[in-house]
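Spelled out, the chains give:
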Amino acid sequence: MNLFELTKSLMSIPSTSGEEESVGFWLRDHLRSLGWNVELQPVSDSQNNVIATLNDTPRVWFSTHMDTVPPFIPPTEDDEKIYGRGSCDAKGIIAAQITAAEQLRREGVTDIGLLYTVEEERASTGAKAANLHPLAAKCQYMINGEPTDNDLAIGSKGTFRLIIRTTGKAAHSAYPEQGESAIEKLIDILNDIRAAEFPNDPFFGETTVNIGTISGGLALNVIPPAAEAALAIRLTTKREPIEEMLREIVGNRGEIEVLSHSEPVKMLPVEGFDQKVVRFTTDIPHLPNWGTPLLLGPGSILVAHTKDEFVLKADLKKAVELYIGLAKELRAG
Ligand SMILES: [Zn+2]
């Protein structure tokens, strides 16, 4: 199966986070048909990571995730591009990595492994499970794939996701002195957060805050008794000082619930590859046992997660060459 066929085959199996079982089975069967040893590592009742090897001592691994964001968009194509969900994030990447690994194998390189995880788009439970796998200890270099426009990402920002909740006291809106507005408290807190100057980092760049959702209140003529907002912060420093700042800003006006977090990470720079820092996060912070991380993949993060997701066929082909080149460079080094 050629590179584009493989990309479209993977894309035609829906696999939004939590529903990766079918694509995992398909990938297992496909890799076995090529002669790989394939293990399904259970992550939940219906989710398995796919781990494939050619011998007992793979030193260089390719990895990315099998899940996608919703909704499912079936693959279509023209001469230049493959369109649809997962084209660049990340099924085209899986196809490019398998194609690269097969080429390396034809050249006699067999110390290569493949790791495909579940749940990357949510809580990275797949990566967290994979991190405990015994093969991790033998891995020297983990080449992770995410859409980096085929540049070698040498840093990625961290994330910090949280909910801020405020409570008040319901009352008739004509008698505001009888109540206390949770929404007004929340607005004050959010304004203070928007005005705050969070620390930045010369390598990773600017810390940014997105107030993603906001909700609360009962009716327009009732003083709102409860409100909440969900925030995603892109971290360029460690999380702790940012969390401290937030707790200070919120004070006793509300409560913070931390949903998840990952620290910013540095990846290995390799000479001869275009390099940059990316703002999104990956499975890499959850795979510390898997050797030195690298990050490279075809396609643009700017179209990932959108209804217009696509990958250039030329970029997929280029990614195969880059993966082969990286693996050779790392094995030689
Ligand atoms: Zn991704």
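Residues numbered from 1 in each chain as written. Predicted model: local features only at pLDDT ≥ 70, side-chain atom pairs only at ≥ 80, totals over all residues. Heavy atoms only, no water.

Glancing now at the overall build of the protein chain. Regarding its fold elements, the protein chain presents 7 helices and 16 strands. Projected onto the principal axes, the alpha-carbon positions of the protein chain cover approximately 80 × 40 × 40 Å. Residues classed as buried in the protein chain amount to 52% of the 333 residues present. Residue pairs at least 24 apart in sequence account for 79% of intrachain contacts in the protein chain once pairs closer than 6 positions are excluded. Total accessible area on the protein chain stands at roughly 15100 Å², and carbon and sulfur atoms take up 50% of it. Averaging the locations of the 32 positively and 47 negatively charged side chains of the protein chain gives two centres separated by 2 Å. (Helix = DSSP H or I, 4+ residues; strand = E, 2+ residues; numbered from the N terminus. Buried < 20%, exposed > 50% of the residue type's maximum accessible area, 1.4 Å probe, protein only. Contact = heavy atoms within 4.5 Å. Areas by Shrake-Rupley, 256 points an atom, 1.4 Å probe, with all protein chains shown as cover. Lys, Arg positive; Asp, Glu negative; His and termini not counted. Charge placed at Lys NZ, Arg CZ, Asp CG, Glu CD.)

Let us now look at helix α6 (residues 239-250). Helix length check: α6 (12 residues) gives 16 Å between terminal C-alpha atoms against 16 Å at 1.5 Å per residue, within 8%. For α6, the complete set of buried residues consists of Arg239, Ile242, Glu243, Leu246, Ile249 and Val250. Mapping the buried residues of α6 onto a view down its axis gives an arc of 120°, with all of them on the same face. Those residues of α6 that are exposed and angled more than 90 degrees off the buried face are Glu240, Glu244 and Glu248. On its buried side, α6 packs onto β9 (158-167), α5 (182-195), β11 (226-235) and β12 (255-262). Phi for Gly251, located one or two positions after α6, is positive at around 55°. (Expected span 1.5 Å × (residues − 1). Arc of directions from axis to C-beta.)

Once that is clear, we can look at helix α1 (residues 3-11). Counting buried positions over the 9 residues of α1 gives 8, a clear majority of the element. Among all positions of α1, only Leu3, Phe4, Leu6, Thr7, Lys8, Ser9, Leu10 and Met11 are buried. Lining the buried residues of α1 we find α2 (21-33), β4 (76-77), β5 (81-83), α3 (91-106) and α7 (313-332). If you check the start of α1, you find a side-chain oxygen 2.9 Å away from the backbone N of Phe4, and it comes from Asn2. (Polar contact = N/O pair within 3.5 Å; in protein donor to acceptor, adjacent residues only side chain to side chain.)

As a further point, take the packing of α1 against α2. Between α1 and α2, whose axes approach to 10 Å, the crossing angle comes to 150°. By the angle class used here, α1 and α2 are roughly antiparallel. Residues Leu6, Ser9 and Leu10 of α1 form the contact with α2, whose own contacting residues are Val23, Trp26, Leu27 and His30. Among the residues making up the contact of α1 with α2, the classes are represented as 5 nonpolar, 2 polar and no charged. (Axes fitted to C-alpha atoms, helices over the stretch in contact; angles between N-to-C directions. Parallel < 35°, antiparallel > 145°, perpendicular 65-115°, else oblique. Nonpolar A, V, L, I, M, F, W, Y, C, P; charged D, E, K, R; others polar.)

Another point: the layout of surface pockets. As a volume, the largest pocket reaches approximately 730 Å³. Around the largest pocket sit 34 residues that line it, and Thr159, Arg161, Arg234, Thr281 and His305 are the ones nearest its centre. For the lining of the largest pocket, the secondary structure elements donating two or more residues are β9, β10 (208-216), β11 and β12. The element that contributes the greatest number of residues to the lining of the largest pocket is β10, accounting for 5 residues. For the lining of the largest pocket, the per-class residue count stands at 11 nonpolar, 13 polar and 10 charged. Taken domain by domain, the lining of the largest pocket gets at least three of its residues from each of domain 1 (3-156 + 265-332) and domain 2 (163-262). (1 Å grid on protein atoms, 1.4 Å probe; cavity = no way out; pocket = protein on both sides within 12 Å on 5 of 7 lines; lining within 4 Å. Points joined across faces, edges and corners; volume = space filled by probe spheres on them. Domains from an automatic or database assignment.)

Ranked by internal contacts, the top residues of the largest apolar core, which has 52 residues, are Leu31, Trp36, Phe62, Ile112, Leu114, Tyr116 and Tyr323. Those elements giving two or more residues to this core turn out to be α1, α2, β2 (47-53), β3 (60-65), α3, β6 (112-117), β7 (141-144) and α7. With sequence-adjacent residues up to four places away left out, Tyr323 is seen in contact with Phe62, Ile93, Ala96, Gln97, Ala100, Ile143, Gly145, Leu296, Gly297 and Pro298. With 19 residues, the next largest nonpolar core counts Leu162, Ile193, Phe198 and Ala229 among its residues. (Core = buried A, V, L, I, M, F, W, Y, C linked by side-chain atoms within 4.5 Å.)

Protein coordination at the zinc ion comes from His65 (NE2), Asp89 (OD) and Glu146 (OE), with a distance range of 1.8 to 2.1 Å. All donors of the zinc ion belong to a single chain; written as a sequence motif, their spacing is H-x23-D-x56-E. Here Asp89 is found in the loop between β5 and α3, whereas its partner Glu146 is found in the loop between β7 and β8 (152-156), with 57 residues between them in sequence. (Donors = N, O, S within 2.8 Å, 3.2 Å for Na, K, Ca; no water.)

Now for the sheet that holds β10. Strand order in the open sheet made by the 4 strands is β10-β11-β9-β12, with antiparallel pairing throughout. The open sheet has two free edges, formed respectively by β10 and β12, since each of these has just one partner strand. On average, adjacent strands in this sheet sit at an angle of 15° to one another, irrespective of strand direction. (Pairing = 2+ DSSP bridges.)

What the rule picks out here adds up to 19 salt bridges. Between Asp151 and Lys276 there is a salt bridge whose closest N-O contact spans 3.3 Å. Separated by 125 residues along the polypeptide, Asp151 in the loop between β7 and β8 and Lys276 in strand β14 (residues 275-278) bring together distant segments of the chain. Connected via shared salt-bridge partners are Glu5, Lys8, Glu77 and Lys313. (Salt bridge = Lys/Arg side-chain N within 4 Å of Asp/Glu carboxyl O.)

Attention now goes to the domain arrangement of the protein chain. Split into domains, the protein chain comes out as domain 1 (3-156 + 265-332) and domain 2 (163-262). Taking the mean C-alpha position of each, domain 1 and domain 2 sit 36 Å from one another. Taken together, the 11 residues of domain 1 in the interface contact 5 residues of domain 2. Of the roughly 620 Å² buried between domain 1 and domain 2, counting both surfaces, carbon and sulfur atoms make up 68%. Of all residues in domain 1, the largest losses of buried area upon contact with domain 2 belong to Lys266, Val277 and Thr281, amounting jointly to 50% of the total for that side. Across the domain 1-domain 2 interface, the total number found is 0 salt bridges. Where domain 1 packs against domain 2, one counts 1 residue pair in polar contact (both at pLDDT 80 or more). Of all the secondary structure elements, the ones that give two or more residues to the side of domain 1 that touches domain 2 are β8 and β13 (265-266). Sorting elements by how many residues they give to the side of domain 1 that touches domain 2 places β8 first, with 3 residues. Of the residues in the side of domain 1 that touches domain 2, the class split is 5 nonpolar, 4 polar and 2 charged. (Buried area = accessible area lost by both parts, 1.4 Å probe.)

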